[in-house]
Amino acid sequence: MTTFKIERDTTMPSINRNSEKLCLLVLLSLAAWVNAAAAEPVTMESLKWYTPDRDFKPIEPAAWVYEGVQKAFAGDFANPKSLPYVDDLAAAGVTIIHTGGPGAYYPLRRDGGTGTEAKERALFETAFDRIRGHGMRIVIGVSPYAPPEMVKQHPEWRLKLSPSEKPLDPNLDLTRPENAALRSLSLNTPYGDYLIENLAEIFQDYKVDGVSFDGNYHPAINYTPYDMELYRKETGRDFPAKIDLSSDDYKVYLLWADTKLENWYRKLHTRLRQVNPQAAVYTWTTNAGRYGHFLTSPRVMSARMNLLFDSPVQEWWLDEVNLGASVVPAFGAAYVRAVTGGRTGASEPYIMSRGNPYSASSFPRHELFVRCMMAMTNGSITPIAVPTAAGKEAGDQTLAEIGRRKKWFVHCTPEPWAALLVSEQTRQFYAGGQIMERFLAHALGVFRVGWEEHLPITLITDMDLQPDRLKPYKVLILPNAAALSDVQVKTIRQFVHDGGGLVATCETSLFDELGHPRGNFALADLFGVDYEGRPAVPVKRPELDANFNIVVDEKYWANRQGTAEMRWGAGDILTSELIDDPRLKLITNGVQASFKGPLVRMSDARPPMKRAMIMFPEGKDPIPAIVMGEQGKGRVVYMAAGLDAANYSYCYPYQRVVMSRAIQWAAREPAPVAIEAPMCVQSTTFRQKDSAGERLVIHLFNGINTTSDHGSPEADVPLREEVVPVGGIKVRFHNMTPKRVHWEPEGMELAVEQKGDWAEVTVPPLAVHSMVVAEQR
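Conventions adopted
Residues numbered from 1 in each chain as written. Predicted model: local features only at pLDDT ≥ 70, side-chain atom pairs only at ≥ 80, totals over all residues. Heavy atoms only, no water. Helix = DSSP H or I, 4+ residues; strand = E, 2+ residues; numbered from the N terminus. Pairing = 2+ DSSP bridges. Axes fitted to C-alpha atoms, helices over the stretch in contact; angles between N-to-C directions. Contact = heavy atoms within 4.5 Å. Salt bridge = Lys/Arg side-chain N within 4 Å of Asp/Glu carboxyl O. Buried < 20%, exposed > 50% of the residue type's maximum accessible area, 1.4 Å probe, protein only. Parallel < 35°, antiparallel > 145°, perpendicular 65-115°, else oblique. Expected span 1.5 Å × (residues − 1). Arc of directions from axis to C-beta. Polar contact = N/O pair within 3.5 Å; in protein donor to acceptor, adjacent residues only side chain to side chain. Phe/Tyr/Trp six-rings, centres within 6.5 Å; stacked < 30°, edge-to-face > 60°. Lys NZ or Arg CZ within 6 Å of the ring centre and 35° of its normal.

What follows deals with unusual backbone geometry. Here Tyr106 and Pro107 are connected by a cis peptide whose omega angle stands at -5°. Counting through the fold element by element, Pro107 comes out in the loop between strand E2 (96-100) and helix H4 (118-133). A cis geometry characterises the amide bond from Val386 onward to Pro387, with omega recorded as -10°. Inspection of the secondary structure assignment puts Pro387 in the loop between strand E10 (384-385) and helix H12 (392-405). We note that Arg668 has phi near 70°; this positive angle belongs to a residue other than glycine. Mapped onto the elements of the fold, Arg668 is located in the loop between helix H23 (653-667) and strand E21 (673-676).

Another point: the sheet that holds E21. Reading across the sheet, the 4 strands line up as E21-E24-E28-E27 and stay open at both edges, with antiparallel pairing between neighbours. For this open sheet the edge positions go to E21 and strand E27 (753-755), each flanked by a neighbour on one side alone. Neighbouring strand axes in the sheet, compared pairwise and without regard to direction, differ in orientation by 25° on average. As paired elements, strand E24 (residues 730-734) and strand E28 (residues 758-762) share 5 bridges and run antiparallel to each other.

With that settled, the discussion passes to the sheet that holds strand E5 (residues 280-284). The strand order across the open sheet built from 8 strands is E7-E6-E5-E4-E3-E2-E1-E10, with neighbouring strands paired in parallel fashion. The open sheet has two edge strands with one neighbour each: strand E7 (346-349) and E10. Inspection of the sheet shows strand E6 (residues 311-316) paired to E7 by 4 bridges, in the parallel sense. Looking across to E7, one finds that Val313 is bridged to Ala346. On top of the sheet, H4 reaches E2 and strand E3 (137-142); it is set at about 145° to E3, its chief contact.

The next point concerns the pattern of salt bridges. Scanning the model with the defined rule gives 51 salt bridges in all. The closest approach of N and O atoms between Glu67 and Lys406, which form a salt bridge, is 4.0 Å. You can see Glu67 sitting in helix H2 (residues 63-67) and its partner Lys406 sitting in the loop between H12 and strand E11 (412-414), a full 339 residues away along the chain. Its relative accessible area of 32% is what places Glu67 among the partly exposed residues. Linking Glu630 and Arg668 is a salt bridge whose minimum nitrogen-to-oxygen distance equals 2.9 Å. Of this pair, Glu630 sits in strand E19 (residues 623-631) while Arg668 sits in the loop between H23 and E21, and the two are 38 residues apart along the sequence. Of the residues examined, Glu630 reaches a relative accessible area of 34% and is grouped as partly exposed. The class for Arg668 is partly exposed, based on a relative accessible area of 40%. Each of Glu676, Lys730, Arg732, Lys755 and Glu760 takes part in salt bridges that share partners, so that together they form one network.

So, on to the packing of helix H10 (residues 328-338) against helix H14 (residues 435-453). Look at H10 against H14: their axes get within 10 Å of each other, and the N-to-C directions meet at 95°. With respect to their mutual orientation, H10 and H14 come out roughly perpendicular. Taking contact as the criterion, the partners of Val328, Ala330, Phe331 and Ala334 in H10 are, on H14, Leu440, Ala443, Leu444, Phe447 and Trp451.

What sets the pattern is the α-helix's 3.6 residues per turn: residues three or four places apart point alike. Given a rise of 1.5 Å per residue, 16 residues ought to cover 22 Å, and the 22 Å separating the end C-alpha atoms of H4 matches this to within 8%. Residues of H4 that are buried: Phe124, Ala127, Phe128 and Ile131. End-on, the buried residues of H4 take up no more than an arc of 95°, which puts them together on one face. Those residues of H4 that are exposed and angled more than 90 degrees off the buried face are Ala118, Lys119 and Gly133. For H4, the N-terminal capping position is held by Glu117, with its side-chain oxygen 3.2 Å away from the main-chain nitrogen of Lys119.

Below, the discussion takes up the packing of aromatic side chains. Taken as a whole, this structure holds 35 aromatic pairs when the rule is applied. For the ring pair Phe331 and Phe447, a centre distance of 5.4 Å and an interplane angle of 90° mean the geometry is edge-to-face. Here the residue Phe331 occupies a position in helix H10, and Phe447 occupies one in helix H14, the gap between them amounting to 116 residues. Both residues of the pair, Phe331 and Phe447, belong to the buried class. Connected via pairs of aromatic rings, a cluster forms that spans Tyr223, Tyr231, Phe239, Tyr250, Tyr253 and Trp256. Positioned above the aromatic ring of Tyr206, the side-chain terminus of Arg121 is 5.4 Å from the ring centre. Looking at Arg438, its charged tip hangs above the ring of Tyr430, at a distance of 4.0 Å from the centre.

Mapping Glu775 onto the fold places it in strand E29 (residues 769-775). At a separation of 2.8 Å, a polar atom in the side chain of Glu775 contacts the side chain of Arg695.

Along the polypeptide, Lys260 turns up in helix H8 (residues 248-275). Using a relative accessible area of 19% as the deciding quantity, one classes Lys260 as buried. Distance in space between the C-alpha atoms of Lys260 and Pro312 is 19 Å, their sequence separation being 52 residues. Here Glu234 takes part through its side chain, which lies 3.1 Å from a polar atom of the side chain of Lys260.

All right, on to the side chain of Asp258 then. With respect to the helices, strands and loops of the structure, Asp258 is situated in helix H8. The class for Asp258 is buried, based on a relative accessible area of 1%. Side-chain polar atoms of Asp258 contact the side chain of His218, separated by 2.7 Å. When sequence neighbours within four positions are dropped, the list of residues in contact with Asp258 reads His218, Arg299, Met301 and Ser302.

Side chains Gly210 and Ser212 of strand E4 (residues 210-213) all project onto a buried face; the interleaved residues Val211 and Phe213 project onto the opposite face, where all are buried too. Across 4 bridges, E3 lies against E4 in parallel orientation. Paired with Ile140 across the bridge in E4 is Val211. Where E4 meets E5, 2 bridges bridge the pair, whose relative direction is parallel. In the strand pairing of E5, Val211 is matched with Val281.

Everything listed here is a matter of geometry and, on its own, says nothing about what the molecule does.
In structure tokens:
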């Protein structure tokens, strides 16, 4: 805040009391103006120490990471009894082994320390020599906890999660496993640089290729005195009193903590590359797709920090707690690749049959293979922990099946057509304690549309809202992307005016990138409407059928929010663009359908936007539901009714069809590949270029679970034991006649039939996963 010093000028005649009052009023008004200016909401652009997304530089992953499709998490090979298993893994095709490695020690050898104890060192060297003998890469898992000796010397560097936390007991035995977490030191202290040098020594001594941490993130807030003083010095702001995502003071702190951790990993990567030019940080992520991580707030790492890993790895859980029977796992596998800019990303399928209790009991062998194929379909590498709880044979067979597909999996990029924004800004700074309702359900609903309608939808992040990154796409989908910066809004606006399509829902652009409300949509000019709040909840409960009322309780009424009747055809100018689909006659009465989900009130549409659908919120008069129209060279669809979120959370089939029609209309041009298949089949399209030519690779995944919907829906999980092949699938290529189309990994040639602008192939019955490979040149 600016401080003004008022001094009396003795050369001027004295002023009377009325003049003094006037002067005082002027000064008070000026002070109020200064305070108001100082209270302006913070933006990322205003933080001089913060690197905007457009200037953030990713690292380039090591070449072997791109090739490392067959990766195994193995036990501690420092145990000689485990060594023969190395040979088995090599025979199964494994090229990367992630195993336990030397821990951090103190002091450094260069400073007179002895490093790892001699006997343990010899065991590691023997194991690593055997692994390298098979040509396999070595990634070591390193504990995030500091050496006990360093903690004893610098207890003031320990993470302090509460201002009232008691000092460390100097007599405590820090070597005991139960006390390991007490050895967590802040990476912002000198320990951060020490650890980097320690790891550089380990890489030099053991000739390993990569490092992984099961930890080494930042806490939601850290009261370590060193960090508090550093924060004040680097930002010029007071340290926040507490965690509070509604406060700018805390939001700025979180961005600072993100930045410090990003800088540490960038520095680590640079140092390790000095030792080994192909060194990799191949480590666990906590912000890249797992359901529980989406719910983690405040976050412990930024989403863009995944770009500083050669490959992030997520613990990929499909139990009931992590909604394994839904599209959530497939979405997570796609997102872990998206946060790397579409380059790498790995999902380790946890062999967990149930989550409560956490158990691998009775896990079918077949399920391991199916899960890995789902991850590969979504572009994710699938490392496996071996020997698996499903049995050694299941692990070996699955690794072999992954290897059979490697040739058409590596060095691929998603084929651009529709881009679906998964906005971390919205999740962290807008959704609050309603991450599923206000953020995730919207994105999942669109992802489900892509799966069931076989549309090539690519997940993108806030980092991708840049002109050059959006340019290849025909349509951009903003699923309640509420938190957008002015720069991002400008980029989106230009994308549409240059000919791109836009589909947006609910409160998209109503807040800035840090969650400050704008009062109206920043994209109101494109939507052609203004924001008018949310429909009021009806005060009177509607009457229910007496027989239905038997099973109704207060939970039913608590969940009966956002209900409405969607109606079309009564003077709605562009309705035909959305409902001119013969399938709707099979799933609606032709004029209206029920809705339950997020609702927003908008004004009447301004030209060139026109009303396409209306809705009747429960107990209320009709209001516009969807508007659409041409803007510049592009097309825009804005939905005040959150059909996207409803399509995941409380789906009626018409919502899928209407969302699909909206996306295709806005895109203007057909997708490059069209799939005719049942909705249980997921398809994804990638482009692969190499010295042999260029091709499209279409993954087809059969997700049928023959026991689904048989048990309690709240505890349903996929534990598949058998296959139901799906026949009659057709794949069509728009404005492209491939010189050759083949079915892999089966190695079958497919006959191509030309039908107008489309080249068509019919594939053999799909068991679980296969690929259509269309050679272009």
